[in-house]
Amino acid sequence: MNEIVTGFIRALELMASLDPELIDITTRTLMISLSSTIIAAVIAVPLASVIDSREFRGKRVIINIIQTLYSMPTVLVGLFVFLLISRSGPLGSFNLLFTPAGMILGQSILILPLVTGFSLTALRSVKPELRDLARSLGATEYQVMMKVIAEARYAVMAAIILGFGRAISEVGVAIMLGGNIRGFTRVITTAISLETSKGNIELSIALGIILLLISLIVNTALNHFQEK
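Here the structure is a predicted model, which is why all the values come from computation and not from measurement.

Draft legend 1. Molecular detail of the overall build of the chain. In terms of helices and strands, the chain carries 11 helices and 0 strands. In sequence order, the secondary structure elements of the chain are arranged as α-α-α-α-α-α-α-α-α-α-α. Projected onto the principal axes, the alpha-carbon positions of the chain cover approximately 70 × 45 × 25 Å. In the chain, buried positions account for 43% of the 228 residues. Partitioning the contacts of the chain with sequence separation of at least 6, the portion at a separation of at least 24 is 76%. If you sum the accessible surface of the chain, you get close to 12300 Å²; carbon and sulfur atoms cover 68% of it. Computed over 18 positive and 15 negative side-chain charges, the inter-centroid distance for the chain is 9 Å.

Listed below in structure tokens is the structure:
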């Protein structure tokens with residue numbers, strides 16, 4: 001018990017002194033997670049809008065597949081992207097393996113179904129009368145889609161924040177594609193795993209506290225947009 005209390009005290013000291021390694025890991029984590037979330041959102045929201053606004057054969061199947069991929073194991077995504085960007089893979093010439101760019105690619109693929117599915121749910125909640133009114137006023141299909149997105153903007157933003165929460169808390173993709181290289185690809189989750197195995201409990205606890213604080217901010221923002 002004393003070891004845990006001491007670990008917490010030392011962790012707070014590291015945070016208060018703005019320990020360089022702590023800041024470095026936290027900054028890199030935020031950069032990679034935010035980048036992957038932005039990329040996923042840029043793809044997911046328009047994709048969800050197209051699926052929502054069109055009626056076509058197999059639409060229900062596509063939605064079921066997207067929803068199934070919500071629980072896709074991170075190690076499976078890591079394996080797929082690893083094979084894709086390894087030296088013998090189709091994207092091997094870009095040298096993305098064990099780089100932040102490779103981690104961003106992997107996390108973007110990981111959260112893409114989540115952001116797409118919840119954005120689709122948000123868009124489907126908009127009343128059909130809004131679409132009919134827009135069309136009756138001469139709006140193009142693109143304008144109708146943009147109006148629906150604007151109407152459901154708070155729910156769409158909640159979907160994006162949910163994707164960010166998944167990205168920042170995952171560990172499988174980060175280890176497999178980043179390699180947990182100190183000062184280059186090490187992020188909070190991989191650092192906690194490594195430092196705990198090394199017995200550096202103080203740094204692990206400090207990183208855990210920071211991750212919890214980020215999660216608190218994410219959940220607060222998510223609740224705000226859900227109330228909207």
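Having put the structure on the table, let's press on.
Draft legend 2. Region of the structure containing the nonpolar core. Among the nonpolar cores identified, the biggest contains 20 residues, and L22, I188, L207 and I214 are the most heavily contacted of them. When residues of this core are traced back to their parent elements, those giving at least two are α1 (2-16), α2 (20-53), α8 (153-169), α10 (188-198) and α11 (201-227). A total of 10 residues in this core trace back to one element, the largest contributor, which is α11. Excluding anything up to four places from it in sequence, L207 contacts L22, I25, I188, A191 and I192. Judged by nonpolar contacts, the second largest core, of 19 residues, contains V126, V148, A152 and I160.

Draft legend 3. The environment of G102, seen in detail. Locating G102 in the fold gives a position in helix α5 (residues 100-124). For G102, a relative accessible area of 0% corresponds to the buried category. Counting along the chain gives 20 residues from G102 to F82, while the straight-line C-alpha distance between them is 8.6 Å. With near-sequence residues (within four places) excluded, G102 lies in contact with I85, L96 and L177.

Draft legend 4. Representation of the UniProt feature "transmembrane region" (unreviewed entry) in the chain. Within this numbering scheme, the UniProt entry marks residues 30-49, 61-85, 97-123, 154-177 and 203-222 as carrying the feature "transmembrane region" (unreviewed entry). Across residues 61-85, helical content stands at 80% and strand content at 0%; the span's end C-alpha atoms are separated by 29 Å. Strand forms 0% of residues 154-177 and helix 92%; the C-alpha atoms that close the span are 33 Å apart.

Draft legend 5. Just α5, in detail. With 25 residues, α5 extends 35 Å from end C-alpha to end C-alpha; this agrees with the ideal 36 Å at 1.5 Å per step. At I111, α5 shows its maximal bend, which comes to roughly 40 degrees, and the proline P113 appears one to four places after that position. Most of α5 is tucked away, with 18 of its 25 residues classed as buried.

Draft legend 6. Focus on the packing of helix α6 (residues 128-136) against helix α7 (residues 141-151). Packing of α6 against α7 brings their axes to within 10 Å, and their N-to-C directions diverge by 145 degrees. Crossing of α6 over α7 shows right-handed handedness. Of the residues in α7, those in contact with L130, R131, A134 and R135 of α6 are E141, V144, K147, V148 and E151.

Draft legend 7. Structural view of the packing of aromatic side chains. Counted under the stated rule, the structure contains 1 aromatic pair. For the pair Y70 and F118, a centre-to-centre distance of 5.2 Å together with 20 degrees between the ring planes defines the contact as stacked. Within this pair, whereas Y70 is found in the loop between α3 (59-68) and α4 (74-85), its partner F118 is found in helix α5, the two being separated by 48 residues in sequence.

Draft legend 8. Examining unusual backbone geometry more closely. Phi is positive for L18, close to 55 degrees, though the residue is something other than glycine. Turning to its location among the elements, L18 is positioned in the loop between α1 and α2. Positive phi outside glycine occurs at N180, with the angle close to 55 degrees. Secondary-structure assignment places N180 in the loop between α9 (172-178) and α10.

What counts and what doesn't
- Residues numbered from 1 in each chain as written.
- Predicted model: local features only at pLDDT ≥ 70, side-chain atom pairs only at ≥ 80, totals over all residues.
- Heavy atoms only, no water.
- Helix = DSSP H or I, 4+ residues; strand = E, 2+ residues; numbered from the N terminus.
- Buried < 20%, exposed > 50% of the residue type's maximum accessible area, 1.4 Å probe, protein only.
- Contact = heavy atoms within 4.5 Å.
- Areas by Shrake-Rupley, 256 points an atom, 1.4 Å probe, with all protein chains shown as cover.
- Lys, Arg positive; Asp, Glu negative; His and termini not counted.
- Charge placed at Lys NZ, Arg CZ, Asp CG, Glu CD.
- Core = buried A, V, L, I, M, F, W, Y, C linked by side-chain atoms within 4.5 Å.
- UniProt positions renumbered as here; feature names shortened; annotations may be inferred.
- Expected span 1.5 Å × (residues − 1).
- Bend = angle between axes of the 7 residues up to and from the residue.
- Axes fitted to C-alpha atoms, helices over the stretch in contact; angles between N-to-C directions.
- Left-handed = near helix turned anticlockwise from the far one by under 90°.
- Phe/Tyr/Trp six-rings, centres within 6.5 Å; stacked < 30°, edge-to-face > 60°.

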